[in-house]
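Residues per chain, in single letters:
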Amino acid sequence: LAGSTLRTFVERANPLANGQDTLTVRLTVPVLGWVGFAISGTGQMIGSEAIIGLPDTGEVLKYNLNAQNTAGVVPMPDSQQTLIDARIEQDRGRTTLVFTKILVEEDEIPIEATGQNIFLTAFGSGNTLGVHASREPYTLNLETGELGGGVSTRNSSLWAAHGWLMSIAWAVLSPLAIGSSLLRNYFRCCKEGLWFQLHRGLNMLVVLLTTIAFLIAVAAISQETPAGADASHFSTGISDGHRTIGLVIFLLALAQALGGMLRPHLPAAAENSKDEEAQGPEEQAAPTPQKSTARKVWEVGHRAVGLSLLGLCWYQLQLGIRLYYSIFSLDGVGTALTALWVVIVCLVGTISVGLIGDKCIGLNDE
Ligand code: HEM
Ligand code: HEM
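Residues numbered from 1 in each chain as written. Chains lettered and ligands numbered in written order. Predicted model: local features only at pLDDT ≥ 70, side-chain atom pairs only at ≥ 80, totals over all residues. Heavy atoms only, no water.

K.L.:
When you look at the packing of aromatic side chains in this model, what are you seeing that I'm missing?
P.N.:
To describe a pair of aromatic rings, you give the distance between the ring centres and the angle between the ring planes. Considering all chains together, one arrives at six aromatic pairs under this definition. Between Trp195 and Phe196, the ring centres sit 5.6 Å apart and the planes meet at 75 degrees, which makes this aromatic pair edge-to-face. Here Trp195 and Phe196 have matching classes, each one buried. Following the ring pairs from residue to residue traces out a cluster consisting of Phe37, Phe99 and Phe119. (Phe/Tyr/Trp six-rings, centres within 6.5 Å; stacked < 30°, edge-to-face > 60°. Buried < 20%, exposed > 50% of the residue type's maximum accessible area, 1.4 Å probe, protein only.)

This is how it looks when you write it as structure tokens:
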């Protein structure tokens, strides 16, 4: 807010707003440029709702801030453009944004007439909407006028834990688990059924880590949301869909593991075998080794869902890493993404070479 002035005025039962309570804001910034004032749940740009004035056209509209780039700054639908007396003016090197907004509107972050609010102001160095020259979150109590800079910030260690757990689960453990199924013929020489124990064990661990990391994310978002504000859990509009995709992945992973445990079993050949997947090929081949139709369908489904889930997770991992670096304004996102893809490509490469080797040597034919 350095160099800026902000005046606010709450009017109860404003006749201009059909008797609703309103807030009038007059914000002057020390440059000629676009000006934005956002109502924020968290002090973060993403997820906030902004009023932005563009001096060239004089247009002042309400926007959703979905991402930290111009494409993510999207005007709200016409039905939500309810500002009263909104204008933007430039004079002697300064730009002033003025508007009156209804305090509580449907599907929007409510403004507290008596309690504390988190607002953001931002302005650009030119009239075209783009990267901001200055941006600042602060708290403001509209009743007492008390202004605070101590806005609750986001908890970077919780998000780092979330990211590491998800990355270990889906970039390392799950490829290993699926690899042990694909390369099961190699494991035969050690112990019959070893591939299955690895596949089941590693994937159970994946599901466990995913559950923990999922709960950390939900708890972190709840913790970072001020009382009364909407946390927007799993919202599609925020963070390029990461929140929604995350919920889908969590549910699919649970379903996949459950499906694995409840699978239709292979034809019973070795009664004494603890697990039918532990049978050798010759045992399965015993009397009439016909797999049931249910089993065949399950195998196709389990493979299709398992591989699609893995692909979706890789997409989600890189999205999460980008978000983390952007939210905490960190350098080095390129290195982190490269590391992620190197790990994935190495594992997929090794498994592919193993599969080709299996085909060439014909491990299954001995
Ligand atoms: C398969 C992997 C992943 C899944 C399933 C997943 C899941 C989720 C979910 C469900 C949320 C939102 C929780 C809620 O709305 O209450 C979330 C948010 C978030 N995740 Fe992930 N995540 C994954 C990978 C990552 C990675 C690798 C990072 C990197 C650090 C990351 C960083 C974040 C961040 C920063 C947010 C907050 C975004 C926001 O405020 O909109 N995620 N994640
Ligand atoms: C999120 C967890 C899981 C994922 C992503 C997953 C993924 C996969 C994939 C992609 C395959 C096919 C690999 C191939 O073609 O050889 C597979 C095979 C298999 N999985 Fe899973 N799986 C998971 C959990 C489980 C669990 C918990 C069990 C058992 C308790 C299980 C049992 C099996 C069996 C028996 C096969 C072999 C099916 C066949 O012969 O085609 N899976 N899994």
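K.L.:
Would you explain a nonpolar patch on the surface in this entry?
P.N.:
A cluster of nonpolar side chains, contributed by Trp164, Ile168, Val172, Leu176 and Val343, occupies part of the molecular surface with about 430 Å² of accessible area. For the nonpolar patch, the element with the highest residue contribution is helix α1 (residues 156-182), accounting for four residues. Here Val172 shows up in helix α1. Note on Val172: relative accessible area 30%, which makes it partly exposed. (Patch = residues over 30% accessible without salt bridge, like charges linked within 9 Å, V, L, I, M, F, W, Y side chains within 5 Å. Areas by Shrake-Rupley, 256 points an atom, 1.4 Å probe, with all protein chains shown as cover. Salt bridge = Lys/Arg side-chain N within 4 Å of Asp/Glu carboxyl O. Helix = DSSP H or I, 4+ residues; strand = E, 2+ residues; numbered from the N terminus.)

K.L.:
For this particular structure, what's the right way to read the confidence of the model for the protein chain?
P.N.:
Reading fine detail from the predicted coordinates is not recommended where pLDDT is low. Residues at a pLDDT of 70 or more form 88% of the protein chain, whose mean pLDDT is 87. For the protein chain, the element scoring lowest by mean pLDDT is helix α5 (residues 281-284), at 49; helix α4 (residues 242-261) scores highest, at 97. In the model, residues 282-286 has pLDDT below 50 throughout and makes six contacts with residues more than four positions away in sequence or in other chains. (pLDDT = per-residue confidence, 0-100. Contact = heavy atoms within 4.5 Å.)

K.L.:
Got a minute to help me understand the pattern of salt bridges in this structure?
P.N.:
Should the charged atoms of two oppositely charged side chains come close, the side chains can pair. Counted under the stated rule, the structure contains eight salt bridges. Here Asp21 ties to Arg12 by a salt bridge, and the two come within 2.8 Å at their closest N and O atoms. Accessibility expressed as a relative area gives 48% for Arg12, which makes it partly exposed. A cluster of three or more residues bridged by salt bridges with shared partners is formed by Lys62, Lys101, Glu105 and Glu108.

K.L.:
So what exactly am I meant to see when it comes to the UniProt feature "transmembrane region" (unreviewed entry) in the protein chain here?
P.N.:
Cross-referencing UniProt, the feature "transmembrane region" (unreviewed entry) maps to residues 164-183, 204-222, 242-262, 300-317 and 337-357 in the present numbering. Counting secondary structure, residues 204-222 comes out at 100% helix and 0% strand; the distance between its end C-alpha atoms is 27 Å. The span residues 300-317 is 100% helix and 0% strand, and its two end C-alpha atoms sit 26 Å from each other. (UniProt positions renumbered as here; feature names shortened; annotations may be inferred.)

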